[in-house]
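Coordinates in review
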Amino acid sequence: MLGICRGRRKFLAATLTVLFVPAFTWIYLLSGSLKDEKPVSLTPYEAPANSPRYVFNQRERETLEVRVREVEEENQVLRKQLSLAQSRVLRHRNHSKSYSTEEGTGDNEGVHAVTWNGSECGRHPTVEKCETIHIAIVCAGYNASRDVVTLVKSVLFHRRNPLHFHFITDAIAKQILGYLFETWMVPAVTVNFYDADELKSEVSWIPNKHYSGIYGLMKLVLTKTLPASLERVIVLDTDITFATDIAELWAVLHKFKGQQVLGLVENQSDWYLGNLWKNHRPWPALSRGYNTGVILLLLDKLRKMKWEQMWRLTAERELMNMLSTSLADQDIFNAVIKQNPFLVYQLPCFWNVQLSDHTRSEQCYKDVSDLKVIHWNSPKKLRVKNKHVEFFRNLYLTFLEYDGNLLRRELFGCPSEIDKNSQNLQKQLLELDEDDPCYEFRRERFTVHRNHLYFLHYAFEPSSEHTEVTLVAQLSMDRKSVLQLDMGHTKKALIVPAFETLRYRLSFPKSKAELLSMLDMGTLFTFRYHVWTKGHAPTNFAKWRTATTPYHVDWEADFEPYVVVRRDCPEYDRRFVGFGWNKVAHVMELDAQEYEFVVLPNAYMIHMPHAPSFDITKFRSNKQYRICLKTLKEEFQQDMSRRYGFAALKYLTAENNS
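Notes on the structure follow. (Residues numbered from 1 in each chain as written. Predicted model: local features only at pLDDT ≥ 70, side-chain atom pairs only at ≥ 80, totals over all residues. Heavy atoms only, no water.)

1. Focus: the side chain of Arg408
- Mapping Arg408 onto the fold places it in the loop between α11 (389-401) and α12 (420-430).
- Despite its burial, Arg408 pairs with no opposite charge; the closest candidate is Asp403, at 7.4 Å N-O.
- Among the polar contacts made by the side chain of Arg408, one reaches the main-chain carbonyl oxygen of Trp184 at a distance of 2.6 Å.
- Within polar-contact distance, the side chain of Arg408 engages the backbone oxygen of Val448 at 2.4 Å.
- Beyond its immediate sequence surroundings of up to four residues, Arg408 is in contact with Thr183, Trp184, Met185, Pro187, Thr447, Val448, His449 and Arg450. (Helix = DSSP H or I, 4+ residues; strand = E, 2+ residues; numbered from the N terminus. Buried < 20%, exposed > 50% of the residue type's maximum accessible area, 1.4 Å probe, protein only. Lys, Arg positive; Asp, Glu negative; His and termini not counted. Salt bridge = Lys/Arg side-chain N within 4 Å of Asp/Glu carboxyl O. Polar contact = N/O pair within 3.5 Å; in protein donor to acceptor, adjacent residues only side chain to side chain. Contact = heavy atoms within 4.5 Å.)

2. Some details on the state of the cysteines
- Under the defined criterion, the tally for this structure stands at 3 disulfides.
- Between the sulfur atoms of Cys349 and its disulfide mate Cys364 the distance is 2.3 Å. Disulfide Cys349-Cys364: torsion about the S-S bond near -135°, hence left-handed. Here Cys349, found in the loop between β10 (344-347) and β11 (353-354), pairs with Cys364, found in the loop between β11 and β12 (373-375); they are 15 residues apart in sequence, far enough to count as distant.
- Note on Cys349: relative accessible area 25%, which makes it partly exposed.
- The class of Cys364 is buried, set by a relative accessible area of 7%. (Disulfide = S-S within 2.5 Å.)

3. Comments concerning the packing of helix α16 (residues 582-592) against helix α18 (residues 623-644)
- The contact between α16 and α18 brings their axes to 12 Å, and the two run at 15°. Judged by the angle between their axes, α16 and α18 are roughly parallel. In the crossing of α16 with α18, the sense of the turn from one axis to the other is right-handed. Here α16 contributes Ala585, Met588, Glu589 and Ala592 to the contact with α18, which in turn contributes Phe636, Met640, Arg643 and Tyr644.
- Broken down by class, the residue content of the contact of α16 with α18 amounts to 6 nonpolar, no polar and 2 charged. (Axes fitted to C-alpha atoms, helices over the stretch in contact; angles between N-to-C directions. Parallel < 35°, antiparallel > 145°, perpendicular 65-115°, else oblique. Left-handed = near helix turned anticlockwise from the far one by under 90°. Nonpolar A, V, L, I, M, F, W, Y, C, P; charged D, E, K, R; others polar.)

4. Looking at the environment of Phe342
- Within the secondary structure, Phe342 sits in the loop between α10 (329-339) and β10.
- It is 6.3 Å that separates the C-alpha atoms of Phe342 and Gln259, two residues lying 83 residues apart in sequence.
- Aside from chain neighbours lying at most four places away, what touches Phe342 is Gln259 and Gln260.

5. A look at the packing of aromatic side chains
- The tally for this structure, following the rule as stated, stands at 26 aromatic pairs.
- Taking 5.5 Å as the distance between ring centres and 70° as the angle between the ring planes, the aromatic pair formed by Phe157 and Phe399 counts as edge-to-face. Taken together, the residues span a long stretch of sequence, with Phe157 in helix α3 (residues 141-158) and Phe399 in helix α11 at a distance of 242 residues.
- Exposure remark for Phe399: the relative accessible area of 5% places this residue in the buried category.
- Each ring, one from Phe499 and one from Trp544, has its centre 5.3 Å from the other, and the planes form 50°; the classification is tilted. On the criterion of sequence distance, the pair formed by Phe499 in strand β14 (residues 498-500) and Trp544 in helix α15 (residues 541-546) is long-range, its members being 45 residues apart. (Phe/Tyr/Trp six-rings, centres within 6.5 Å; stacked < 30°, edge-to-face > 60°.)

6. Considerations on the pairing of strand β8 (residues 262-266)
- Among the 5 residues of β8, 4 are classified as buried, and the element is accordingly described as predominantly covered.
- As paired strands, β8 and strand β9 (residues 290-298) are joined by 4 bridges and run antiparallel to one another. In the strand pairing of β9, Val265 is matched with Asn291.
- Pairing analysis gives 4 bridges linking β8 to β10, with the strands arranged parallel. Each residue of the ladder has a partner; that of Gly263, found in β10, is Tyr345. (Pairing = 2+ DSSP bridges.)

So this is what it looks like as structure tokens:
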């Protein structure tokens, strides 16, 4: 604290210096311009015509005006330097102490305005540097599991505090998100799951017309669901994108006073005004009502107020007239607030910029720096009508496509528990030589990539014959021969013949006969026919044209077909990432383990054109990339020789002859 006070005294001195610069400058100008020790008029208009005081001639006046302007410009520079110096100190405090951004301020060259409480020098930050921020999200099903990952990435991108996510999920979302976070391994992130099925009875008695269904009502029971020790939480919908550090929002919880327990943004549509169409009857709300896509909850106070009884009694009373909710939990929250307006701390609307149709969201921002949270609260989602929807869509897509592995960075100065997997990974990485020109390739071998299970909807029922198949490409279950070829008990690799089109739009052939016709017409080609025939030549496309039963083919150098194999097959060699030799090496090892290659006569896949990948561009343009790939190929072949002995000689011979 002493250092902070000293710093403030230095700022005071600097401020006084800047303020007095104009005064001293004027004294200097006066003293330097006096003639015969006569007083100088500051402007030509101050002295009457018959004044005995000295009057400037035109040249002297112009000279003085130029100097005055120079001094004013110098003062502006000094003020700017002082402002930057103050910003640097605030930023230093921000990193060394903690911070809480003031509600109305946006980023200015990365500097945040810091909110302090207490006396002049005995102040305490509202958000400690390593304070954990708690976030609750209701997430059920496949679609919500996809959407919530984009939200999480936007939060992780901006955050500077440890995070604790509380997910209320069904079995599907728990499996998907549980495995995602397990493989993601983000430092200073804790995740807990709460069974939504156990909560259904709490809200299933409420009829709800909203597309979110029963899960759209579960925010009402968070005081009962979340741990009793948890005092405060930020509650978010899955269709949220953050454009700032979530700690700024967390800090607002410290501003609640009296009986304020809910932080909400006013609804930006006219829904609760009841004027959208004839006979429109919304639930009761204060004025425009509040949107519940972003909620700040003081859980401890809500529990003391008996929140459970409060919202239940309100819902029961209103349902006698309204019969059902139209906007799920939002209707009930607003009905409670209508009766108890003192519960709400109204958040500035930039904390929930709502992009549904017919909203007034444009009043929440004038500039990009004003944006804090974007809310796609329309069934149309990214197709919503909005003046700036293209900008918002691009912001969302940026996080949708952002490589989540880049968000694994440690928080500076905040301790983080490291699990055994991370420890082993760190140990393996330390054993690598960073001066090795192929270090990046070797490092990738130990990288654990994020895994998002069942990205699309699926229905999985285990087979008693253990013949389940995982689809890793555009395959069709009604064709591929798994049972007939006894895949469960034999070592077979089923080859799916691959074709390609140079057209960006294609009517996919519905039969083999239709595909062959397109092949003859030049609409389709065998895969990589123009640039790399060796990769798929052993498939024997000439034979496939007339084949009606599966047929055997032999391995050849550089063979890289798309295959269907048993789960216990050899894994891809992790040294080959990006472009080059990943499928080649895998097929080579399948052959070494005596897998039989069988071409399916009625299965096929078609490769669609797309822009070159980042890695193939590096392969084509970067000589070092090609050198490293060649080195890795040689190392792989040496490993094959050690594992399979004399039988692996044919791979080296074939490579030398190719």
